[in-house]
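Reading the structure
Listed below are the residues making up each chain.
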Amino acid sequence: MLFRSQENAFNDIKTVFQQKDTILLHGVNSSGKTEIYAHLIREMINHGKQVLYLLPEIALTSQMIHRLEKYFGARVGVYHSKYSDAERVEIWKNLSNHSSNDSYNIILGVRSSVFLPFRNLGLIIVDEENEPSYKQQDPAPRYHARDAAIYLARLVHAKTLLGTATPSLESYYNAQQGKYGLVSLKERFGDLKMPDFVLVNTREAYRKRKMAAHFTPELFKEVTEALEEQEQVILFQNRRGFSPYVQCTECGWIPRCKHCDVNLTYHKYSRGLTCHYCGYSESLPGSCSECGSSDLKTKGFGTEQIEEETAILFPEARIGRLDYDTTRSKKSYQNILGDFEDHKIDILIGTQMISRGLDFDHVRLVGVLNADNLMFFPDFRSYERTFQLLTQVGGRAGRRDKRGKVVIQTSDPDHPVLQWVADGDYLKMFREQMEERKQFKYPPFYRMIKITLKHRDKYALNKGAQFFGRDLKKIFGKRVLGPQEPLINRVKNLYMKQVLLKLEKEIDLIYAKDLLIESVEVFHDREEGKSIRVVVDVDPM
């Protein structure tokens, strides 16, 4: 049964689908979007159609499988890379078998599911459409599953529903321009209030020496009160490991990866240093390799360190951790979430894995340990993603009969993006970011193409990149930026240079594509470009 606001949104979607093939459903956290999806799926099945339900990450499928199987039983098939080849082949054969009466009506999967052989696809649901993980990075093809889904639906005359509490700026712009339909769901299910966001100044707390480990007095008090009332807590820190790096206090030396231009992350459970880019690891050194000092200190903090500190500060609490290190096996993610749902865990500490689409009855408090490392990342999408991530993780609080609270720790509580989050003001964020995007020629006003050149020899790469950039500027002029080194300029022993191409929406993109392909081919024919790998990424995330 649908709640009044859900029923209105459901009817609006059916009405708008008569005019538009793609709809953006902008529904606040805990507004009951999944229930609307279920009703739309049921209608499609009743008309003999198939449905593809896309999720941004494998981790989210376990809870969603349970929900969909309650509605539709054995008609749900699941497709993602944690399944064995045999299991995925079974899904493929099931969908390919035109004569079978046992074909799956619903496929729940991640981005690669768009390539399955659907026979009678009627609807594609792209849940959390704003998520960057819908973009395939490596290897090629570097497609965006949301965009591929919209194109697939157009080919087979199906409909696409994009659902999220925090739309990507590109999707909301398309809805504003009339390219997509727009349906809004502004009320939480059961008239629940939105969580209360509190911004806490860590700079002041450190200055006054009031911090308990990495907890401000405000966060410590809120966690204590939640535990006393036997309610659950989520603590969010978007870095795994114990510490981002280790440093010598005498000379400043920092252990770095032998194959990548990054610091090694310290993992206390293994007493080792690990590269999160190539997987290289080594033991924690007993002394500095530069000056011989034994005074090495960890700097910064990750989920592992927060777990250790939380156990000391709240010794009676049962603590769990959800990050890449604790979810390597097929069932581990499901087991951790199951324990949290069954209230076998009081405090769940995690990375952005805990921010998306999870629904728990007894979470009263969400604590964000450090919002600064999200906001100040050098990327034109950083404010947008900070808003999305903090809004999503905050939406885990107070999802049943009590208003939740979200405590965000930051050194800059007056920062505009945090004010937008605290006020829940998506439209203000949208308007201000769009003004910047237009001024500095970023999407959705311009198409972006990132061209990465890779080589083991830095000198050969620099020489080749200069030739490539010069030739590209002869064709595209001021639309070409670079070549320049990326933030991390060496990964797996390959040095990198990047060229950015910004193209107006009005120009002939097919012709521009042909010119770019020809430029790459000409570059590879030159002596300077023969051994350089060129990677072209259209609409990079």
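Residues numbered from 1 in each chain as written. Predicted model: local features only at pLDDT ≥ 70, side-chain atom pairs only at ≥ 80, totals over all residues. Heavy atoms only, no water.

**Description of helix H13 (residues 416-423)**
Turning to H13, its buried residues number three or more, namely Val417, Leu418, Trp420 and Val421. Down the axis, H13 shows its buried residues gathered within 155° of arc, on one side only. Taken together, the buried residues of H13 touch strand E8 (196-201), helix H11 (372-375), helix H12 (382-394), strand E18 (405-410) and helix H14 (426-439). Two residues or fewer past H13, Gly424 is found with a positive phi of approximately 65°. (Buried < 20%, exposed > 50% of the residue type's maximum accessible area, 1.4 Å probe, protein only. Helix = DSSP H or I, 4+ residues; strand = E, 2+ residues; numbered from the N terminus. Arc of directions from axis to C-beta. Contact = heavy atoms within 4.5 Å.)

**A look at the nonpolar core**
By size, the foremost hydrophobic cluster in this structure holds 64 residues, and its most contacted members are Ile107, Ile124 and Ile408. With 5 residues, the single largest contributor to this core is helix H5 (residues 145-155). Contact partners of Ile408, with chain neighbours within four places excluded, come to Phe197, Val198, Leu199, Val200, Val368, Ala371, Leu390, Leu418 and Val421. Residues Ile36, Ile41, Ile125 and Leu185 belong to the second largest nonpolar core, which totals 29 residues. (Core = buried A, V, L, I, M, F, W, Y, C linked by side-chain atoms within 4.5 Å.)

**Observations regarding helix H8 (residues 217-228)**
Here H8 is 12 residues long and its end C-alpha atoms lie 16 Å apart, about the 16 Å a rise of 1.5 Å per residue gives. Buried residues belonging to H8 abut strand E9 (232-236), strand E16 (347-350), strand E17 (363-368) and E18. Among the residues trailing H8, Gln230 stands out with phi positive, at a value near 55°. (Expected span 1.5 Å × (residues − 1).)

**Things to note about the pattern of salt bridges**
According to the stated counting rule, one finds 30 salt bridges in the structure shown. Here Asp138 makes a salt bridge to Arg142, at a shortest N to O gap of 2.7 Å. The shortest N-O distance in the salt bridge between Arg207 and Glu204 comes to 2.7 Å. Pair noted here: Arg207 and Glu204 are both in helix H7 (residues 202-207), with a separation of 3 residues, about one helical turn. Ionic contacts of the salt-bridge type, sharing partners, join the residues Lys221, Glu222, Glu225, Glu229, Glu231, Arg364 and Lys405 into one network. (Salt bridge = Lys/Arg side-chain N within 4 Å of Asp/Glu carboxyl O.)

**Structural notes on the sheet that holds E9**
Where strands meet in a sheet, backbone hydrogen bonds hold them as pairs that are either parallel or antiparallel. Read across the open sheet, the 6 strands follow the order E8-E18-E17-E9-E16-E15; overall the sheet is parallel. Of all the strands in the sheet, the pair left with one neighbour each is E8 and strand E15 (319-322). Averaged over all pairs of adjacent strands, the angle between their axes in this sheet comes to 20°, without regard to strand direction. Sitting on the sheet, helix H10 (residues 332-341) is in contact with E9, E15, E16 and E17, with an inclination near 145° to E15. (Pairing = 2+ DSSP bridges. Axes fitted to C-alpha atoms, helices over the stretch in contact; angles between N-to-C directions.)

**Observations regarding the packing of helix H1 (residues 4-16) against helix H2 (residues 33-46)**
Packing of H1 against H2 leaves a shortest axis separation of 10 Å and a crossing angle of 45°. The orientation of H1 relative to H2 falls into the category oblique. In this structure, the crossing between H1 and H2 has a hand that is right-handed. For the pair formed by H1 and H2, the contact residues are Gln6, Ala9, Phe10, Ile13 and Lys14 on the first element and Glu35, Ile36, His39, Leu40 and Glu43 on the second. (Parallel < 35°, antiparallel > 145°, perpendicular 65-115°, else oblique. Left-handed = near helix turned anticlockwise from the far one by under 90°.)

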